[in-house]
Amino acid sequence: MRILVGDIGGTKTALAIAAPDAGGGLVLHHPERYPSAEHAGLESIVRHYLATHAVSCSGAAFAIAGPVSGRRSQVTNLTWQIDADALERALGLSRVLLLNDLEAVAWGIAALAPEDVCELQPGEPGAVGNRCVIAAGTGLGEAGLFWDGHRHHPFATEGGHAEFAATDAREWALREFLRRRHARVSWERLVSGMGISALHAFCCEYAGGRSPQPVLEPAAVAVGAREGDARCVETMALFFRLYGREAGDLALKQMALGGVYLGGGIAPRNLEALRASAFLDGFLDKGRMRGLMTRMPVRVILQPQVALLGAARAWQDDQSPGRPVVVAG
């Protein structure tokens, strides 16, 4: 088996060739990253990739940052519309599988080595059960893994677009601040890269100043926090607490006793700040359910290619219905 795998997001598109290794696992060959917005669509990137590396493949699996309906998907933060049937015809592939990007991350969890994760909370020893994944990056993705007693079954959600709920006066002010800019305030408006920029603008205004023009990029806010800038420090503290709150709400809804996994780029790039933050305070702050929350392992995914590995595993399972590809571990 040699298949093309892709992780298609609003910021970047990652491609690689996945093939089995000698131990029965998967290895990725010729990994490449492309700025998504600089290309008209996925087909042109794939053509360029295949020509550059002079490789052939029997099929493809693409993890899409957006909802997948049947054989089609609209990338949430791009204008791209992706059609699996059209890609099969245009590229001469026998089979193209589309799946949500967080569903792909969920598939990839079983491929992670111990060094591919960082533990924030150990949880209950030997924890087994449902799992969930939440990933703050360009947007906010969420997925679940149902445990049937023998294996995990990943499934996609669009939970990042659920409505944000304020809990105190500052958060009500934050909600009104965002309502002036957006008709609806979802969790993605706060817990994401764009959320960091929005939170920084809010913190500046809430402190009695003016929103910076233009708004700071999220990476600049993170750097400012490390350098001790007061508004940036406040921004990142608020961001991590909100991240923890939404991760905890997702874990409750999924009854994720088997583990909560943080994907996306923000957590691993700001790992020390995350570990020192109020993330776990927000995660555990669930009233009578606090004891339940302490039983859930919480881990950060450090492996940047987890979605590519997961897409390959999903393709394997799609070709062999019922095959127990995702197992406890």
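Preceding this section is the structure that the text describes.
Let us look at the structure shown here. Counting restarts for each chain: residues are numbered from 1 in the order of the written sequence. Local features in a predicted model are, by the rule used here, given only for residues with pLDDT of at least 70; side-chain atom pairs are given and counted only at 80 or more, and totals for whole chains, interfaces and linings are based on all residues. With hydrogens and water excluded, all non-hydrogen atoms of the structure serve as input to the side-chain values.

**Remarks on unusual backbone geometry**
Most peptide bonds adopt trans geometry, and most residues besides glycine take a negative phi value. Stated precisely, the cut-off is as follows: For helices the rule is a DSSP run of H or I covering at least 4 residues; for strands it is a run of E covering at least 2, with both sets numbered from the N terminus onward. Burial status follows relative accessibility: with a 1.4 Å probe on protein chains alone, a residue under 20% of its type maximum counts as buried, one over 50% as exposed, and anything between as partly exposed.
Omega for the bond connecting Gln-213 with Pro-214 falls within 30 degrees of zero, at -5°, which places this linkage in the cis form. Looking at where Pro-214 falls in the secondary structure, it is placed in the loop between helix 5 (193-206) and helix 6 (218-226). Notably, His-30 is not glycine yet its phi reads approximately 55°, a positive angle. In this structure, His-30 sits in strand 3 (residues 26-35). By relative accessible area, which is 36% here, His-30 ends up partly exposed. The residue Ala-54 is not glycine, and still its phi comes out positive at about 50°.

**Considerations on the packing of aromatic side chains**
The criterion, for reference: What counts as a ring pair is set by centres within 6.5 Å for rings of Phe, Tyr and Trp (its six-membered ring), and what kind of pair is set by the plane angle: stacked under 30 degrees, edge-to-face over 60, tilted for all other angles. Sitting over a ring, as applied to charges here, requires NZ of Lys or CZ of Arg to be within 6 Å of the ring centre and within 35 degrees of the ring normal.
Taken as a whole and judged by the stated rule, the model has 6 aromatic pairs. Their ring planes at 85° and their centres at 5.6 Å tell us that Tyr-243 and Phe-279 sit as a pair that is edge-to-face. One end of the pair, Tyr-243, is in helix 7 (residues 230-254); the other, Phe-279, is in helix 10 (residues 279-284), with 36 residues separating them in the sequence. When its relative accessible area of 1% is taken as the criterion, Phe-279 is described as buried. Here a set of aromatic residues connected by ring pairs shows up, and it is made of Phe-239, Phe-240, Tyr-243 and Phe-279. If you follow Arg-181 out to its NZ or CZ, it ends over the ring of Phe-177, 3.7 Å from the centre.

**So, the pattern of salt bridges**
The cut-off we apply is this: Criterion for a salt bridge: a side-chain nitrogen of Lys or Arg within 4 Å of a carboxyl oxygen of Asp or Glu.
This model, assessed by the stated rule, comprises 16 salt bridges. Where Glu-124 meets Arg-295, a salt bridge forms, and the shortest distance between an N and an O atom there is 3.4 Å. Of the two residues, Glu-124 is situated in the loop between strand 9 (117-121) and strand 10 (131-136) and Arg-295 in the loop between helix 11 (290-294) and strand 14 (298-301); the sequence distance between them amounts to 171 residues. In this structure, a network of salt bridges that share partners links the residues Arg-71, Asp-85 and Glu-88.

**Quick word on helix 1 (residues 42-53)**
Rule in force here: By definition here, a helix of n residues has an expected span of 1.5 Å times n minus one. As used here, the arc is the angular range of directions from the helix axis to the C-beta atoms. Residues count as neighbours in contact if any of their non-hydrogen atoms are within 4.5 Å of one another.
Between its first and last C-alpha, helix 1 extends 17 Å over 12 residues, near the 16 Å set by a 1.5 Å rise per residue. Listed in full, the buried residues belonging to helix 1 are Leu-42, Ile-45, Val-46, Tyr-49, Leu-50 and His-53. Projection of helix 1 onto a plane perpendicular to its axis shows the buried side chains occupying an angular sector of 125°, all on one side. In this structure, the buried residues of helix 1 make contact with strand 1 (3-8), strand 2 (12-20), strand 3, strand 4 (59-64), strand 7 (81-83) and helix 2 (84-91). Ala-54 sits one or two residues past helix 1 and shows a positive phi near 50°.

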